[in-house]
Amino acid sequence: MKGQEIKQPSHIAIIMDGNGRWAKARGLPRTEGHRVGAERVRDIVYACLEMGVKNLTIYAFSKENWKRPRREVSGIMGLARFFFKRFFDELKKEGVFFVHLGDTEGLSPGILKIIRNMEENNAAERKLYLSIAFNYSGRSEITQAVREIASLVERGDIEVGDITQELVSEHLYSADLPDPDLLIRTGGEHRVSNFLLWQIAYSELWVTDTLWPDFSKQTLLEAIDEYHRRERRFGGL
Ligand code: IPE
Ligand code: IPE
Ligand code: MG
């Protein structure tokens, strides 16, 4: 082992779960849990900047989450608009480059306009890629990639034999991102809930009972600590 330099995971992905339970335990509406959860996102972005983590991907709203009561969904949409407007300029100054992962179809024109604006006016200096999975479904992402690749074949641009894992990766929303090294799930459930299905093939998983609004830099450090103790073999010995 040379030196004691600690190599931070270059990509951390987080399933931010437990906002509703956090609110319920306090007799508050679920939306209040989402509001406090959004503040935690800002804290964790700063923690990643400090530690030199290059990529942070957060699961903010799944395509399955549309099944929730209309009031909760519109509360989340309102908070997303508020979060993007309030923090985009601030985080951009810190070198945070914003990426949207997910379908545009289904999102309101208002939110789409904000997302477009962030994509077009992104940070020049890219200290941290903040990817927000919003209106995201891992299976939809893969299906959409399959469709794009099939149409390349149909047009005669490529042959079936040209379809490689790299090509599939390039047609995902996450095309320019490395795969996550560490996948954190808060709220205690041991499942992936349709998040980054292709990309997490060899990610280290870490589940905590901590509910997302209670997540802190300390919790993140615990996860990273555990990550450093893991032995990643990628199928080798
Ligand atoms: C995660 O918290 C945030 C979203 C899914 C938008 P939940 O809202 O799922 O909170 P719990 O799991 O019900 O506590
Ligand atoms: C996963 O949480 C989605 C997000 C964190 C955005 P859910 O609360 O939707 O997941 P399930 O329903 O427990 O699988
Ligand atoms: Mg949940």
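Now for a look at the structure at hand. (Residues numbered from 1 in each chain as written. Chains lettered and ligands numbered in written order. Predicted model: local features only at pLDDT ≥ 70, side-chain atom pairs only at ≥ 80, totals over all residues. Heavy atoms only, no water.)

## Topic: the site of ligand 1
Stated formally: Note on definitions. A residue lies near a molecule or strand when any single heavy atom of the residue is within 4 Å of it. Counting of polar contacts relies on pairs of N or O atoms within 3.5 Å, with two restrictions inside protein: one atom must be capable of donating a hydrogen and the other of accepting it, and residues adjacent in sequence are counted only when both atoms are side-chain atoms. In this analysis the probe radius is 1.4 Å and the grid spacing 1 Å, with only protein atoms considered; a cavity is a set of points the probe fits into but cannot get out of, a pocket is an open set with protein on both sides within 12 Å along at least five of seven lines, and lining residues have an atom within 4 Å of a point. Molecule-in-pocket calls rest on the fraction of atoms, with more than half required to lie within 2 Å of the cavity or pocket grid points. Each helix is a run of H or I in the DSSP string that is no shorter than four residues. Each strand is a run of E no shorter than two, and both are numbered from the N terminus. As a working rule, the residues Ala, Val, Leu, Ile, Met, Phe, Trp, Tyr, Cys and Pro are called nonpolar, Asp, Glu, Lys and Arg charged, and the rest polar, with Gly in that last group.
Neighbouring residues of ligand 1: 13 residues in total, closest Asp-17, Gly-20, Arg-21, Arg-30 and Arg-68. Between an oxygen atom of ligand 1 and a main-chain N or O atom of Asn-19, the distance comes to 3.1 Å. Between Gly-20 and ligand 1, the recorded distance is 2.9 Å, taken from a backbone N or O atom to an oxygen atom. Counting atoms within 2 Å of the grid points, the majority share of ligand 1 lands in the largest pocket. Listing elements by their share of the shell around ligand 1, those giving two or more residues are helix H1 (19-25), helix H2 (30-51) and helix H3 (70-93). Looking at which element gives the most residues to the shell around ligand 1, the answer is H1, with 3 residues. Across the shell around ligand 1, the residue classes break down as 3 nonpolar, 5 polar and 5 charged.

## Quick look at the site of ligand 2
So the rule is basically this: Accessible areas in this description were obtained via Shrake-Rupley with a 1.4 Å probe; residue shielding takes into account the shown protein chains only.
Contacts to ligand 2 come from Ile-15, Met-16, Asp-17, Tyr-59, Ala-60, Phe-61, Ser-62, Asn-65, Arg-68, Arg-185, Arg-191 and Ser-193. Asn-65 places a polar side-chain atom, nitrogen or oxygen, 2.9 Å from an oxygen atom of ligand 2. Between Arg-191 and ligand 2, the recorded distance is 2.8 Å, taken from a side-chain N or O atom to an oxygen atom. Calculation on ligand 2 without its partners gives an accessible area of 390 Å², and the protein chains cover 79% of this total. When atoms are counted within 2 Å of each cavity's grid points, the one that captures over half of ligand 2 is the largest pocket.

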